[in-house]
Amino acid sequence: MVRGAVAGWELLEKQEYRGRLAPSPTGFLHLGHARTFWAAQERAQAAGGTLILRVEDLDGPRCRPEFVEAIREDLSWLGFRWQEGPDVGGPCGPYVQSQRVALYREAFERLRRTGHLFPCTCSRREIQSALSAPHAGDEEPLYPGTCRTRTGMGDVPPYRTSKVAWRFRVPEGEEVNFVDGVFGLQRFVAGRDFGDFAVWRGDGFPSYQLACVVDDAAMRVTEVVRGADLLLSTARQILLHRALGQVAPRFHHCPLVTDEAGVRLAKRHEAMSLRRLREQGRTPEEVREAWKAPARAPSD
Ligand code: GLU
C-alpha cells in the first residue's frame, strides 16, 4: 500500500507541465502582457512542457476579431511559440472561449444542482463587471447578499433569460489559502475579502471566473502564470475548482508592469503596445530588454 501511495505521488510529480497564455482580444498587447507571458513561456520551456494559447473572447462588446489576429502576430513576432492553440490545434480544443460555451453550461448546471449558486437580479453594473478578469482597480464591491436568500427562481435556465445573473455562494468566513510561486502563502477570507461572485451573466454568458476554471481543468493546465492583480481571483477560482470536484493548478503571479506614475499598464498605454513598438522599428530583442526597466518604452 505504501508503495502504491509513493508511486501515485511520483506520478503526480512527473505530470507533464502544461501552461497557458490567455489573452483577451480587447486591444493590442502591451509590454505588461508580454512580460508576464514571457515568464509563462520560460516556465513551460524550463519544465520541458506544453504552452497553450487560449483566446478569452467572452466579453462580446469589447472583443474584436482583428485583435485576435493582432495578438497572434505580435506574439509570434516577439518570439512566442505555443504547442496548442486556435491556429495549431491540439487535443483540448477548441482554444477560443466563445466556441466552448457548452462546456461552461455543463459546469454551471453542475454547480446549480449541487446548491452552490443563487439567482441575482442586482444592478446591471455589477453583473457587467463579471465579463472580464478583474484587473487592478476593477475589483467588484463586496456583494451585499441582497438575493442570497430569495426563492422561486431556481428553475430559470440561465441562457434563456436576459435579466437574471447567477452568483456563487461563498463559504462565509472560510479562509482560502494557496502558496503562490512568486508571492508565497496567500490567505483570503470568503465574505470579507471577496463576496458572492457572478458565474453566469444576465445576458446569457458565463463569467470570466467560471470559463477560466472550466478551461484550466479541461485543458489540463498544471500551472497558471498571470499578473499579480488576479491573486484575489485565484481565491475565487480555487473555490470553483473545489465545487466542481477538480484539482486546482499551481499559481505563479507575476509583479505588474507599471508606467512612470506607477499605474499598471493597460491597453490605453498605446505607446507601450507591441504593435506600436514594432511599427517604430524596434526589434524583439530590444522589446524584451525593455521589460527589465519597465517604467519606460524602449524609445526613451
Ligand atoms: N483573459 C484574461 C485577461 O486577459 C486572463 C486572465 C488569466 O490569466 O486568468 O486578463
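Located above this text is the structure these notes cover.
Residues numbered from 1 in each chain as written. Predicted model: local features only at pLDDT ≥ 70, side-chain atom pairs only at ≥ 80, totals over all residues. Heavy atoms only, no water.

Peer 1: If you had to explain the nonpolar core to someone new, which residues and values would you point to?
Peer 2: Counting 39 residues, the largest nonpolar core has Tyr104, Leu111, Phe168, Phe194, Val199 and Leu210 as the members making the most contacts within it. Going through the elements one at a time, helix H4 (101-113), strand S4 (165-168), strand S5 (175-180), strand S7 (197-200), helix H6 (208-218) and helix H7 (231-243) are the ones with two or more residues in this core. In terms of residue count, the dominant contributor to this core is H7 (seven residues). Phe168 has contacts with Leu111, His116, Leu117, Phe118, Asp196, Phe197, Val199, Leu239, Leu240 and Ala243, leaving out every residue within four places of it along the chain. Residues Tyr17, Leu31, Trp77 and Phe80 belong to the second largest nonpolar core, which totals 26 residues. (Core = buried A, V, L, I, M, F, W, Y, C linked by side-chain atoms within 4.5 Å. Buried < 20%, exposed > 50% of the residue type's maximum accessible area, 1.4 Å probe, protein only. Helix = DSSP H or I, 4+ residues; strand = E, 2+ residues; numbered from the N terminus. Contact = heavy atoms within 4.5 Å.)

Peer 1: Can you lay out the packing of aromatic side chains for me, pointing to particular residues and giving the numbers?
Peer 2: By convention here, two paired aromatic rings are described through the distance between centres and the angle between planes. Under the defined criterion, the tally for this structure stands at nine aromatic pairs. With a centroid separation of 5.0 Å and 80° between ring planes, the pair formed by Trp38 and Phe80 is classed as edge-to-face. Placement of the pair is Trp38 in helix H2 (residues 31-46) and Phe80 in the loop between helix H3 (65-78) and H4, with a sequence separation of 42 residues. There is no split in this pair, since Trp38 and Phe80 are both buried. Ring centres 6.4 Å apart and planes at 25° place the aromatic pair Phe178 and Phe188 in the stacked group. Of this pair, Phe178 sits in strand S5 while Phe188 sits in strand S6 (residues 184-189), placing them 10 residues apart in sequence. Across the pair, exposure class does not vary: Phe178 and Phe188 are buried alike. Ring pairing ties together the aromatic residues Phe37, Trp38 and Phe80, which thus form one cluster. In this arrangement the basic side chain of Arg112 is found over the ring face of Trp166, its NZ or CZ atom lying 5.2 Å from the centre. (Phe/Tyr/Trp six-rings, centres within 6.5 Å; stacked < 30°, edge-to-face > 60°. Lys NZ or Arg CZ within 6 Å of the ring centre and 35° of its normal.)

Peer 1: Explain the packing of H6 against H7 to me, and be specific about the residues and the numbers.
Peer 2: A packed helix pair is summarised by two numbers, namely the angle formed by the two axes and the spacing between the axes. Contact geometry for H6 and H7: axes closest at 10 Å, N-to-C directions at 60°. In terms of their interaxial angle, H6 and H7 are classed as oblique. In this structure, the crossing between H6 and H7 has a hand that is right-handed. Along its contact with H6, which presents Tyr208, Gln209, Leu210, Cys212, Val213 and Ala217, the element H7 presents Ser233, Arg236, Gln237, Leu240 and His241. Here the contact of H6 with H7 is built from residues that sort into six nonpolar, four polar and one charged. (Axes fitted to C-alpha atoms, helices over the stretch in contact; angles between N-to-C directions. Parallel < 35°, antiparallel > 145°, perpendicular 65-115°, else oblique. Left-handed = near helix turned anticlockwise from the far one by under 90°. Nonpolar A, V, L, I, M, F, W, Y, C, P; charged D, E, K, R; others polar.)

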